[in-house]
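These are the residues of each chain, in order.
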Amino acid sequence: MTDNNPDGGLSVDVFVMEDKLAKIRTQINSKLDNQKHLAVILSAVEENIEEQNNEKSPVAYFVSFLSLLDQAIKDDAIVDNTLATTTAYFLDIVFPFTPKPLLKAKFSEILTKLAPSLTLPQAEAPLVRSTIGALESLLLAQDHQQWVASGNISPKRAFLGLLELSFDPRPKVRRRAQETVNKILTNPPASPSPIHIASPLAGEVALNKLTSLLQESRKHQKNSNKEINSQIIHSLQLITSITSANAWPTSKIEDLCDILLEISKTSDQYLVSSAFTAFEGLFTSMSNIIDVEKFTKVLDIIFDLKPSVNDTHLAASWLAVVAKALESFATLAPEQCLLKLPVIIPVVSQFLGSDSKDIYTSASQCLIAIISETIPDNFLLQPSPTNGITGEIYETVDDTITFISEFIEKELLSITYQHATKEILELLTATILKLRTRANPDFLGILEIVGEWRTNETDSFPHNKEAEDFIAAAISTLGPQVVLSVLPLNLTGGDQPGRAWLLPLLRENVRFAELSFYKSSILPVVEFFETKINDSTNKDSMNNKIFQTIIDQIWSLLPHFSDLPKDLTTAFDDAFAARLSDLMYAKVELRVPICHALRLLVESNIAYRDGALADDLLMQEQFPQEEASKNLEYLATKASNVLSVLFNVFSSTVPDSRGFVLETIDTYLQIVPKDNLEETFNKVCGLLKNAMDEESSQAPVQKKKGDTSKLSLTMMDLIVAMSKYVPETSHNALFTIFSSTVSAQNDALMQKRSYRIISKLAETEEGKQSISKFIGDIENVLIQGTENTQISARASRFNAILLVLELLPQSDLYFIPSILQEIIISTKDVNERTRELSYQILIKMGTKMDEGGIIDNSRVPGFAPDTPASEANLTEYFTMVSAGLAAQAPHMISAAITAVSCLVFEFKDKLPTDVLLEIASTVELFLTHNSREIAKSAIGFVKVEVLSLPEDLVRANLNELLSKLMRWSHEHKGHFKSKVKHILERLIRKFGIEIVEQAIPEDDRKLVANIKKSRNRAKRKEETEGETPNGGPDKKFVSAYEEALYDSEVSDDEPEEEERPSSRGNRKPDQYILKTGDEPLNLMDRQSLAHISSSKPKKFTKSSISNKASEFKTKNGKFVFSEGGNDNDDPLAGKGSGIDAYLDAVKQAPQRGQRNKLKFKKSKESNEDWSDDEQEPERPSRGAPKGNFGKSRVSKPKKPLKARKKL
C-alpha cells in the first residue's frame, strides 16, 4: 500500500480510503440487507486480493471492482442489479485514490465499462449516482490534450452525458450530476486559459435547454404546466452550478441575463428564486481581480435591460438584481464601484417616480443596499499609510458623498418625488448612519429641510416618525452640537419656533458627545425655567408643569452626555463635580440621573478600554483606546471625593430607594487608588464600631415610617461593597467584622450582610486566597452560627457555606458532618432560594467526600473527643445523611428522605449496587408510615428510583415496592393518588403493562386498567386531532432533581376513571333568568327562584304579534266571531276530555322512593315536553344520557313536596 509514495510509507489518501472501507467492514452483521451486502462484497474482494498475494492498494481494489462490474453488466444489459449497484458504490470510493496516470492511460476502457450504468434505461438511481461519482474522478484526472480530442469516446462526450443527466427527473441523480459538473468546471486541467475547455459546451447546452423550455411554456401559458416549470428550475440549477464555478462563457452573458430577467417577472415564486440564485452564482463567482472587466460587462448588460419605471412585473426583480450585483462588484473592485455610483444612483432613483408603491419601495431598498454595501467602512477613514487609505481614495469618497447629498437635496426632495417622501426619508436615515461623521457638512442642508418639515406643526406633515428617525440618526452620528447648530432648541423664547420635541430624541441618541457643550448650552436652560417657576404666583399652573417637564428632560440628558464623552478631562472639573454634589444633597429627585451619569463616566471608559468597540474603525480613529485609559486615570484622582459624597448620600437615602447609589459606589471602588480605599475602609469600620456600641447601649426604639436605616446597617452595606476591592492587608479586619456581626441573634439584617462579606470576597482571586488562609476560623464561626441564624438570613448563610465548601481542604472534612443536619432540614424550607442552595450544598458535599480524605470526627460538635476518624467516601456520606431517617420528628425524617433522593439522583452512577439496594429498601419502608409528610417524601424517592436506578434493580424489587406504594393509591388529599398513578405510568413505559399488572396487588389493578384506558383514549385523540400544542408555559424548577421529582407528562387535573360520574346525567340542564323589569335580579332574595326557568323564555316580536293578530277577523273596527262552522274551526276539537288530562297528570306525579326521596315517573311511550320553548325538541336516542338535575347550580327548594294521592 505504497501508492507512489517516494518514502515508501503509506500516503494520506490511502489512510482516508482505508478509513472509509473500515466503516463498511463493521456492517458485516448489520440487520439492514444493503449494508450487510456491501460488507460481504468487500470481504470477498479482499479475500480474493489476499489469495493472489497482492497488497490491498487502491489499484488492486480498482481492478477487482471493475471486473465485478463486468460480471454484473453483460451485453448492454444489467444481469445483477444489486451487484452492479454495490460495485459502483465501491468504485465511487476507490476512484479518487487511484493513480491519475492509470486513469489517463485506460480512459477509453474505463469509460466503456462505466457507460452502460449511465445509459441503460433499467439502471436505477443508486447505480447511476455512484457511477457519476466514479466518472467525476475519471474526468478530473484527464489533461488538456485529452479534453481537446474529439470522438465518441472522449472526455467531452462523457461530460455531455453528465450535462444530460443534470436534467434527470430523479432528484438525487440530478443533484449529483450538477455537483459533478460544478466540480469539473471549478478544477480545469493545466492550460494557458484559466477557464475550463468544456465551459462553452456547458453554457450552450444549459442555455439551449432553458430557451426551448421557455418557448414550450409560452405555448401552455394559459394552462400552467407544473412539469415544465419544474424542468425550468432544473435548468436554472444547472446554470447556477456553471456560474458559481466562474465558467459561464463571456459571449453568452448577455443572453443569460436577458433570459433570467424574463423568468424573474413570472408569478411563480420558485422560478423567480431560482433565477436570482443563478444571478447570485454569476456575481459571486467573479472574485478574482482578472474578472473586473467581465463583471463590468455584466453590469452594462443588466443596465441595458432596464425595464420601464412602471413595469410592475419586472422592475422589482431588476432592482433586486442590481443591488446584488453592485454588492458583489464592491467586494471585487471597491474603487471602481465608487466611481460608478454617480451614474448608477440617478438611474435607480428614476424608479422612485413610479406610480406603483411596490416599485418605489423596492427602489428605495435598492438605493439603501447600494449605499450601505458599496462604500467600505475603511474608505471613510482619514488618509494614512497605516490604514492603506490614499489621498486619491479619500477624494473619491468625498466627491461621492457630495454627489449623493446634492442629488438627494436637489432631486429627491423636490415635488416630483413627493409621493415617496417616506421612502426617501428612510434612504436618508440609512445613508447618514453609513457615512457617519463624513456626512458633515454635506448633509446639513438636508437636515435643515427635514427639520423644518418636522417643526412646522401647521402643515400636518404626515411622515413625522420617519423625519424624527433621520434627525435621531444625525444626532448619533454627527453629534448633538452639529444638529443643534442647524436646529436650535429655542426654548427660552424669541421669534424662532421652539423645538422641545428634540429633547426625547437627544436622550435616546446622544453618545460619544462633548460634555462641555451640555454644560454651556443646554444646562443653563434649567436655570431659566426654574426662575420662571419661582416667580410664578400660581405654582400649580399648566405652564409650571410644562416648565418642570422640560427641566426633567434636560436633566435626563446628563447620563447620555456622560456616556464616553470626548472631553472628559476638561469638562468634568472640580467645579462641575461640586455642583453635582450640591444638587444631590439639595434635590432628592436629581439623585437618580446624577448617579447614573457618574456611573456611566466610569463604566463607558472601562468598556471601551477593554475593547467594546474594537471593530469600529472610525471610532478607533477619532477616539483611541489609550484616551479611555487616560480618562480612567483622571477619574481615579476624583474618585475619593466622589465616594465621600456618595457615602453621605447613601446614608441619608431611604433603604428601599438607594440601590442605585450603591451601584455607583461599586463603580468608583473599581478605580479608586488602593491607599485611599484602605483609608476610607478604616474610617467606615470605625463608624460601624461606634454605631454598634451606641445601638447596644440604647433601648430599642420603634422605627417610624420614612426613617432611614440604622447607621450600623448602612455602614455594613458600605463594608460589604468595599470588601471585594480592599487590599489584602484589610482582609484581617474584614474577617474580624464577619465573626463579630454574624452572631447578632436578634438582627437578621446584620446577619445577612455579614455572610455577604464572604460571598463578595470569593469573587476575586485575592479574596479566595484570604478565605483559604482563614478557613479554619471561618468554619468555626459557621458551625457556631447554626443555632442562632435567623430564617431570613439563611439564604445568605448557605451561599457563604457553598463558597467555603469549594475551598475546603481535605484536612477539614469534619466541617461537613458539623453542618449536615441544618442543610438536610433546609431541603423542606419554604424559600425557593434556600432550597436550591441546600441541594447545591448537598451535592458539593458529596463531591468533596468522593475526592477522599480523613474525617476527624472528634472535632464534630456533639461527638466524644475519642471518636475515631473515618475515611471520606460516598458510602460514608450516604451513611451520614441516612442517619436523619432515625429521627423522632416526622419533619426531619421527611427532609432526610428528600436529601437522600437528591443525592441518589446525582450520584447514582458512582454508588455501588449493594448500597443503592440498601438505600432503596430502607426508604421504601417509610411508604407504610402513617405520616403524610413522610409518605409524600418516600413517594418522591420512589419516582427518583424508577427514573434513575438500573432496570434490573427496580425489576427485582417491583412486587414489594408496589405492594407498599399502592397503599396510597386511594388517598386523594395532597395529590397522593395522582403521584402514584404517575409512577405506575413510568413503570409501564419502562417494563410493559403485563409485568406491572402481575406485580401489583389484586385489589389495585383497577388503576392499571384506568391507565390503559387513558392511554388508548389519548392515542385515539391524537390520531383524530393530530398533535395538540402545549397548553401552558414550560415549568421551571430550581434543580434537575426537582424537575425529575415534580415534572410529569400527565396533568394532575386529568379526571380519573373511577372518579367520574356515571354517563347518565353528564350534561347539565340549561338555566334561564326571566326578565324582572328594570330592576336587576337579587340572587340573595328567597323569591329569586321564581325568576329562574329551565326553559327558554318566550320573546314576543312584531312578527309573532302580527301572526297572532291574523287569527282574528275585524269588520268596521269590531271583532267578528264565526258561530257555525266545521270541526276544524273548533279549538278544542281533537283534544281529550278533562278527566284524561287529569289522569295523565296524576300518572306523572312524583312518588316517594328509597330514603323518602321524590322520583318522577317517565313513560317510554311518552313524548311530551314540559318546556315552554316553541322549538320542537329532538327525540333522544336510546343510548343518549339523560339530564341530571342534581348537578344543576339552581336546584329545587328543600321544602318537602306533597304529592297528590292516586285516583
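Residues numbered from 1 in each chain as written. Predicted model: local features only at pLDDT ≥ 70, side-chain atom pairs only at ≥ 80, totals over all residues. Heavy atoms only, no water.

### Details of the overall build of the chain
For the record, the criterion: We count a stretch as a helix when DSSP gives it H or I for four or more residues in a row; a strand needs E for two or more, and each element gets its number in order from the N terminus. Any two residues having at least one pair of non-hydrogen atoms within 4.5 Å are treated as being in contact.
Each helix and strand counted, the chain has 54 helices and 10 strands in total. Here the contacts in the chain between residues at least 6 apart in sequence split such that 70% fall between residues at least 24 apart.

### Let's talk about the pattern of salt bridges
What counts is decided by this rule: Just to be clear on terms, a salt bridge is a Lys or Arg side-chain nitrogen sitting within 4 Å of an Asp or Glu carboxyl oxygen. Throughout, exposure labels follow a simple rule: accessible area from a 1.4 Å probe, protein chains only, divided by the maximum for the residue type, with under 20% read as buried, over 50% as exposed, and the rest as partly exposed.
Here the structure, examined in full by the defined rule, presents 35 salt bridges. Measuring nitrogen to oxygen at the nearest pair gives 2.9 Å for the salt bridge that ties Asp-616 to Arg-436. With Asp-616 in the loop between α30 (591-609) and α31 (617-622) and Arg-436 in the loop between α20 (421-435) and α21 (444-455), the pair connects residues that are 180 residues apart, well separated along the chain. The class for Asp-616 is buried, based on a relative accessible area of 17%. Here Lys-519 ties to Asp-573 by a salt bridge, and the two come within 3.7 Å at their closest N and O atoms. One end of the pair, Lys-519, is in helix α25 (residues 515-522); the other, Asp-573, is in the loop between α28 (568-571) and α29 (574-586), with 54 residues separating them in the sequence. Of the residues examined, Asp-573 reaches a relative accessible area of 27% and is grouped as partly exposed. Salt bridges here are not isolated pairs; linked through shared partners, they connect Glu-18, Arg-25 and Glu-46.

### What about unusual backbone geometry?
Cis geometry marks the peptide bond from Asn-440 to Pro-441, where omega comes out at 10 degrees. Relative to the elements of secondary structure, Pro-441 occurs in the loop between α20 and α21. Backbone geometry at Asn-53 places phi at a positive 55 degrees, although glycine is not the residue there. Counting through the fold element by element, Asn-53 comes out in the loop between α2 (33-51) and α3 (58-72).

### Here's the deal with α21
The cut-off we apply is this: Helices are assigned an expected span. That span is 1.5 Å times one less than the residue count. The arc in question is traced by the directions running from the helix axis to the C-beta atoms.
Helix length check: α21 (12 residues) gives 16 Å between terminal C-alpha atoms against 16 Å at 1.5 Å per residue, within 8%. Within α21, burial applies to Leu-444, Ile-446, Leu-447, Val-450, Gly-451, Arg-454 and Thr-455. Down the axis, α21 shows its buried residues gathered within 165 degrees of arc, on one side only. Contact partners of the buried residues in α21: α19 (391-412), α20, α22 (464-478) and α23 (480-486).

### A look at the confidence of the model for the chain
The following threshold applies: For every residue, the predictor states its confidence as a pLDDT score lying anywhere from 0 to 100.
Taken residue by residue, the chain gives an average pLDDT of 81. The fraction at 70 or more is 82%. Note that pLDDT drops below 50 for residues 1-10; the model gives that stretch 19 contacts with residues more than four away or on any other chain. With pLDDT under 50 throughout, residues 703-708 is counted as low confidence; its partners more than four residues away or in other chains account for 9 contacts.

### A closer look at the packing of aromatic side chains
To keep things clear, this is the line we draw: Geometry of aromatic contacts follows a simple scheme: Phe, Tyr and Trp rings, the Trp one being its six-membered ring, pair when their centres are within 6.5 Å, and the pair is stacked under 30 degrees between planes, edge-to-face over 60, tilted otherwise.
All chains considered together, the criterion is met by 19 aromatic pairs. Judged by centre distance (4.7 Å) and plane angle (5 degrees), the rings of Phe-65 and Phe-90 are stacked. Placement of the pair is Phe-65 in helix α3 and Phe-90 in helix α4 (residues 81-94), with a sequence separation of 25 residues. Accessibility classification places Phe-65 together with Phe-90 in one group, the buried group. Centroid distance Phe-528 to Phe-529: 5.2 Å. Interplanar angle 80 degrees. Geometry classified as edge-to-face.

### Quick word on the packing of helix α42 (residues 832-850) against helix α44 (residues 890-907)
The condition that has to hold: All axes are obtained by fitting lines to C-alpha atoms, using only the stretch in contact for helices, and the reported angles, taken between N-to-C directions, cover 0 to 180 degrees. An angle below 35 degrees is read as roughly parallel, one above 145 as roughly antiparallel, one from 65 to 115 as roughly perpendicular, and any other as oblique. Handedness of a helix crossing follows the sense of rotation of the near helix relative to the far helix, less than a right angle counterclockwise being left-handed and clockwise being right-handed. When residue character is reported, Ala, Val, Leu, Ile, Met, Phe, Trp, Tyr, Cys and Pro are called nonpolar, Asp, Glu, Lys and Arg charged, and the others, Gly included, polar.
Between α42 and α44, the least distance of the axes is 10 Å, while the angle of their chain directions is 55 degrees. Put simply, α42 runs oblique to α44. α44 is crossed by α42, and the crossing has right-handed handedness. On α44, the residues touching Tyr-839, Leu-842, Ile-843, Gly-846 and Thr-847 of α42 are Thr-898, Ala-899, Cys-902, Leu-903, Glu-906 and Phe-907. Residue composition of the contact of α42 with α44, grouped by class: 7 nonpolar, 3 polar and 1 charged.

### Points about a negative patch on the surface
For clarity, the threshold we go by: Residues enter patches when their relative accessible area tops 30% and they take part in no salt bridge; the joining distance is 9 Å for like charges and 5 Å for the nonpolar side chains Val, Leu, Ile, Met, Phe, Trp and Tyr. Working definition of accessibility: Shrake-Rupley area with a 1.4 Å probe, residue cover restricted to the visible protein chains. Note on charges: Lys and Arg go in the positive column, Asp and Glu in the negative column, and His and the chain ends are not counted at all. Every charge is mapped onto a representative atom, which is NZ of Lys, CZ of Arg, CG of Asp or CD of Glu.
Where like charges cluster on the molecular surface, the negative patch consists of Glu-254, Asp-255, Asp-258, Asp-300 and Asp-304. Contributions of two or more residues to the negative patch are made by α13 (253-264) and α15 (292-304). Element by element, the count of residues in the negative patch is highest for α13, at 3 residues. Residue placement: Asp-304 occurs in helix α15.

### Description of the environment of Gly-785
You can see Gly-785 is positioned in the loop between α39 (775-784) and α40 (794-806). The exposure class of Gly-785 is buried, given its relative accessible area of 4%. Linking Gly-785 and Gln-751, residues 34 residues apart in sequence, is a C-alpha distance of 9.8 Å.

### What about the packing of helix α18 (residues 357-374) against α20?
Packing of α18 against α20 leaves a shortest axis separation of 9 Å and a crossing angle of 5 degrees. When the axis of α18 is compared with that of α20, the two are roughly parallel. Between α18 and α20, the residues in contact are Lys-357, Tyr-360, Thr-361, Ser-364, Gln-365, Leu-367, Ile-368, Ile-371 and Ser-372 and Glu-423, Glu-426, Leu-427, Ala-430, Thr-431 and Lys-434, respectively. Among the residues making up the contact of α18 with α20, the classes are represented as 6 nonpolar, 5 polar and 4 charged.

### Side note on the side chain of Asn-857
Just so we agree on the cut-off: In the analysis that follows, any N or O atom pair within 3.5 Å is treated as a polar contact, provided that within protein one partner can donate a hydrogen and the other can accept it, and provided that, for residues neighboring in sequence, both atoms belong to side chains.
Inspection of the secondary structure assignment puts Asn-857 in the loop between β3 (854-855) and β4 (870-871). Residue classification places Asn-857 among the buried positions, given a relative accessible area of 10%. A distance of 3.0 Å separates a polar atom in the side chain of Asn-857 from the backbone oxygen of Pro-868. Apart from the residues within four sequence positions on either side, Asn-857 is in contact with Phe-863, Thr-867, Pro-868, Ala-869 and Ser-870.

### Re the environment of Ile-239
Note on placement: Ile-239 falls in helix α12 (residues 226-244). Along the chain, Ile-239 and Gly-281 lie 42 residues apart, while their C-alpha atoms are 8.6 Å from each other. Among residues more than four places away in sequence, those in contact with Ile-239 are Ala-206, Leu-210, Trp-248, Leu-256 and Ala-278.

### A few points about α20
The end-to-end C-alpha distance of α20 is 21 Å, a good match for the 21 Å that 15 residues give at a rise of 1.5 Å each. Across the 15 residues that make up α20, a large majority, 12, are buried. The complete set of buried residues in α20 reads Thr-421, Glu-423, Ile-424, Leu-425, Leu-427, Leu-428, Thr-429, Ala-430, Thr-431, Ile-432, Lys-434 and Leu-435. Residues of α20 that are buried in the fold lie against α18, α19, α21 and α22. Following α20 by one or two positions, Arg-436 has its phi on the positive side, about 55 degrees.

### Here's the deal with the environment of Lys-324
Among the secondary structure elements, Lys-324 is positioned in helix α16 (residues 315-332). C-alpha of Lys-324 to C-alpha of Phe-283: the two residues are 41 residues apart in sequence and 7.8 Å apart in space. Setting aside residues up to four positions removed in sequence, Lys-324 forms contacts with Glu-280 and Phe-283.

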